[in-house]
Amino acid sequence: MRMAMSSTASEHPLSAEKRPQWLLGFVMSMMVGLLFYMATSLSIENDAGDLFNNLARNTQKNIESRVKSYANLLRGTASLFHANEHVSREQFHRYVANIALQQNYPGVMNLNYSQELDETQRTAFEAAMQRDYPPGRDGYPAFAIHPPAPRAHYSVLVYIEPIASAPDKYGYDIAARLPVAEALAQSRDSGEISNSGVPVPMDGRPQLTGMAMRLPVYRFGMPTGTVEQRRAAYQGSVGIGYDLVTMMRS
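Residues numbered from 1 in each chain as written. Predicted model: local features only at pLDDT ≥ 70, side-chain atom pairs only at ≥ 80, totals over all residues. Heavy atoms only, no water.

Teacher, can you tell me more about the overall build of the protein here?
A tally of helices and strands in the protein yields eight helices and four strands. For the protein, the α and β elements follow one another from N to C terminus as α-α-α-α-β-α-β-α-β-α-β-α. Counting contacts in the protein only where the partners sit at least 6 residues apart, residues at least 24 apart contribute 65% of the total. Just so you have it, the protein exposes about 15500 Å², and 60% of that area is on carbon and sulfur atoms. (Helix = DSSP H or I, 4+ residues; strand = E, 2+ residues; numbered from the N terminus. Contact = heavy atoms within 4.5 Å. Areas by Shrake-Rupley, 256 points an atom, 1.4 Å probe, with all protein chains shown as cover.)

Help me understand the layout of surface pockets, please; the structure alone is not making it clear to me.
Regions of empty space are outlined by a rolling probe, equal in size to a water molecule, passed over the atoms. Taken as a whole, the second largest pocket spans an internal volume of roughly 340 Å³. Along the walls of the second largest pocket sit 15 residues, with H86, V87, Y113, Q115 and Q235 positioned nearest its centre. When contributions to the lining of the second largest pocket are tallied by element, the ones reaching two or more residues are β1 (108-118), α5 (119-132) and β2 (153-161). Tallied by class, residues from the lining of the second largest pocket come to nine nonpolar, four polar and two charged. (1 Å grid on protein atoms, 1.4 Å probe; cavity = no way out; pocket = protein on both sides within 12 Å on 5 of 7 lines; lining within 4 Å. Points joined across faces, edges and corners; volume = space filled by probe spheres on them. Nonpolar A, V, L, I, M, F, W, Y, C, P; charged D, E, K, R; others polar.)

Please clarify how the nonpolar core should be interpreted in this entry.
One broad trend across soluble globular proteins is that nonpolar side chains are buried collectively. Ranked by internal contacts, the top residues of the largest apolar core, which has 48 residues, are F81, F92, L111 and I240. Elements with a contribution of two residues or more to this core: α2 (22-82), α3 (89-99), β1, α5, β2, α6 (178-190), β3 (210-218) and β4 (234-243). The element contributing the most residues to this core is α2, with seven residues. Residues in contact with F81, not counting those within four places in the same chain, are V87, F92, Y113, Y159, V217, Q235 and V238. (Core = buried A, V, L, I, M, F, W, Y, C linked by side-chain atoms within 4.5 Å. Buried < 20%, exposed > 50% of the residue type's maximum accessible area, 1.4 Å probe, protein only.)

I'm lost on the pattern of salt bridges in this one. Help?
Side chains that differ in sign of charge can pair as their charged atoms come close. According to the stated counting rule, one finds six salt bridges in the structure shown. Here D138 makes a salt bridge to R89, at a shortest N to O gap of 3.7 Å. On the criterion of sequence distance, the pair formed by D138 in the loop between α5 and β2 and R89 in helix α3 is long-range, its members being 49 residues apart. Overall, the relative accessible area of 42% leaves D138 in the partly exposed class. Its relative accessible area of 1% is what places R89 among the buried residues. (Salt bridge = Lys/Arg side-chain N within 4 Å of Asp/Glu carboxyl O.)

What is the right way to look at the environment of G191 in this model?
Along the chain, the position of G191 falls in the loop between α6 and β3. Expressed as a C-alpha distance, the spacing of G191 and T224, which sit 33 residues apart in the sequence, is 8.6 Å. Contact partners of G191, with chain neighbours within four places excluded, come to L215, P216, Y218 and R230.

When you look at the pairing of β3 in this model, what are you seeing that I'm missing?
In terms of burial, β3 is largely enclosed, as eight of its nine residues are buried. Pairing between β3 and β4: nine bridges, direction antiparallel. Of the residues in β4, the one forming a bridge with V217 is G236. (Pairing = 2+ DSSP bridges.)

Shown next, in the form of structure tokens:
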């Protein structure tokens, strides 16, 4: 009996010594591999984050630069009216043709000018436009102010270049929509560029991608130092219609 117990007791230290060493090595290898994996993942994630942030910053700068170029385009167009007592449709056409919109301003569909009117001026103005600019001249259709319902004030699109981009907007009262009318009034008083945020439908373009920016135009030679003076001198606004998708792609 003592011999059996002695034999059993002597087997335990022997089996402990023969316990497989590979188990410890396996665990250590797994830990080392996990550490390397975590370090590599963090490195890749940091690199991807830096790349994304750089792309985002560059994209933001490009968008800001493009919007600034559109604003400068508007200011240049407004200066055409500020420097001349009267700008004819032919002069406006030549001015826009020399700009070469498609080449120099990707995304801009057209440059336009809207004339400010009140209800007492509407009938005479409409008759004068129909007399001076018969249908088909310069590719423009017949002139008629629309929507047709009478209103106290109008802001009517009379010059659109190229007219092929939006012939249905010729004669359109952009102030017929309240958000646009409010943006125009604020722009008139401040002298700054306005954007109502209301999408502008454009033929052949997806919905909600057309937008517009406008800048007030004041009568030649009249003072514009105060809000009251700007209201008295206000004659209309110049604007651009542009496609957001095309602008972002460019």
